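This is what each chain is made of:
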Amino acid sequence: MENRQKVLNLLGLAMRARKVITGTDTVLKQVRARQVVLVFVANNCAENTRKRFNDKCRSYDISLSQVYSEREISTAIGQKRSVIAVTDKGFGRKMLELLST
């Protein structure tokens, strides 16, 4: 199994463990509060949404991934979403490790 799929599987596990928050407003609020480890923004969502999260995550030094499409993210967590964030350090660290290799 390749790393892209492993990250999606971990995302599903994190969702079931309630270590994922979804929705643009909720994620933005938690980024500002520094309560998230990793943010996933769909690569096919609106340009201004991608820019907003890119800028916000950079200023708060939070990792951001734009590797997956909205469909891939939605399938992994079982809800139609284009922006999600991982709140658990263990899940986030493993996902970042898999994404970087």
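Residues numbered from 1 in each chain as written. Predicted model: local features only at pLDDT ≥ 70, side-chain atom pairs only at ≥ 80, totals over all residues. Heavy atoms only, no water.

A. The arrangement of the packing of helix 2 (residues 24–32) against helix 3 (residues 47–59) in detail. Across the interface, helix 2 lies against helix 3 with an axial gap of 11 Å and an inter-helix angle of 15°. Considered as vectors, helix 2 and helix 3 are oriented roughly parallel to each other. Along this stretch, helix 2 crosses helix 3, giving a crossing that reads as left-handed. Taken together, the residues of helix 3 that come into contact with helix 2 (itself represented by T24, V27, L28, V31 and R32) are T49, R52, F53 and K56. (Axes fitted to C-alpha atoms, helices over the stretch in contact; angles between N-to-C directions. Helix = DSSP H or I, 4+ residues; strand = E, 2+ residues; numbered from the N terminus. Parallel < 35°, antiparallel > 145°, perpendicular 65-115°, else oblique. Left-handed = near helix turned anticlockwise from the far one by under 90°. Contact = heavy atoms within 4.5 Å.)

B. Just the sheet that holds strand 4 (residues 83–86), in detail. Reading across the sheet, the four strands line up as 1-4-2-3 and stay open at both edges, with mixed pairing between neighbours. The open sheet terminates on both sides in strands that have one partner only, identified here as strand 1 (20–22) and strand 3 (63–65). Geometrically, the sheet is characterised by an average inter-axis angle of 20° between neighbouring strands, direction not taken into account. Of the strands in this sheet, strand 1, strand 2 (38–41) and strand 4 are in contact with helix 1 (residues 3–16), which crosses strand 1 at around 90°. Where helix 2 meets the sheet, its contacts fall on strand 1, strand 2 and strand 4, and the angle it forms with strand 1 comes to roughly 125°. (Pairing = 2+ DSSP bridges.)

C. View of the pairing of strand 2. The side-chain alternation of strand 2 yields two buried faces, one formed by L38 and F40 and the other by V39 and V41. Direction of pairing for strand 2 relative to strand 3: parallel, over a ladder of three bridges. Residue L38 lies in a different strand from strand 3, and its bridge partner there is S63. Following the backbone out of strand 2, through helix 3 and into the adjacent parallel strand 3, one traces a crossover that is right-handed. Strand direction decides the pairing type here: strand 2 and strand 4, joined by four bridges, are antiparallel. If you follow F40 over to strand 4, its bridge partner there is I84. (Buried < 20%, exposed > 50% of the residue type's maximum accessible area, 1.4 Å probe, protein only. Right-handed = clockwise from strand over helix to strand, strands pointing away.)

D. Focus on the side chain of S74. One can find S74 in helix 4 (residues 70–77). A distance of 3.0 Å separates the side chain of S74 from the backbone nitrogen of R81, its partner in a polar contact. Contacts of S74, omitting those with residues within four sequence positions, involve Q79, K80 and R81. (Polar contact = N/O pair within 3.5 Å; in protein donor to acceptor, adjacent residues only side chain to side chain.)

E. Spatial organisation of the packing of aromatic side chains. Evaluated as defined, the whole model comprises one aromatic pair. Between F40 and Y68, the ring centres sit 6.0 Å apart and the planes meet at 50°, which makes this aromatic pair tilted. Of this pair, F40 sits in strand 2 while Y68 sits in the loop between strand 3 and helix 4; the two residues are 28 residues apart in sequence, bridging distant segments of the chain. By relative accessible area, which is 0% here, F40 ends up buried. (Phe/Tyr/Trp six-rings, centres within 6.5 Å; stacked < 30°, edge-to-face > 60°.)

F. Quick look at the nonpolar core. Formed by 32 residues in total, the largest nonpolar core has its most connected members in L11, V27, V39, F40 and M95. Within the residue set of this core, elements represented by two or more residues are helix 1, strand 1, helix 2, strand 2, helix 3, helix 4, strand 4 and helix 5 (89–100). In terms of residue count, the dominant contributor to this core is helix 1 (six residues). What L11 contacts, discounting residues up to four positions off in sequence, is V20, F40, A76, I77, I84, V86 and M95. (Core = buried A, V, L, I, M, F, W, Y, C linked by side-chain atoms within 4.5 Å.)

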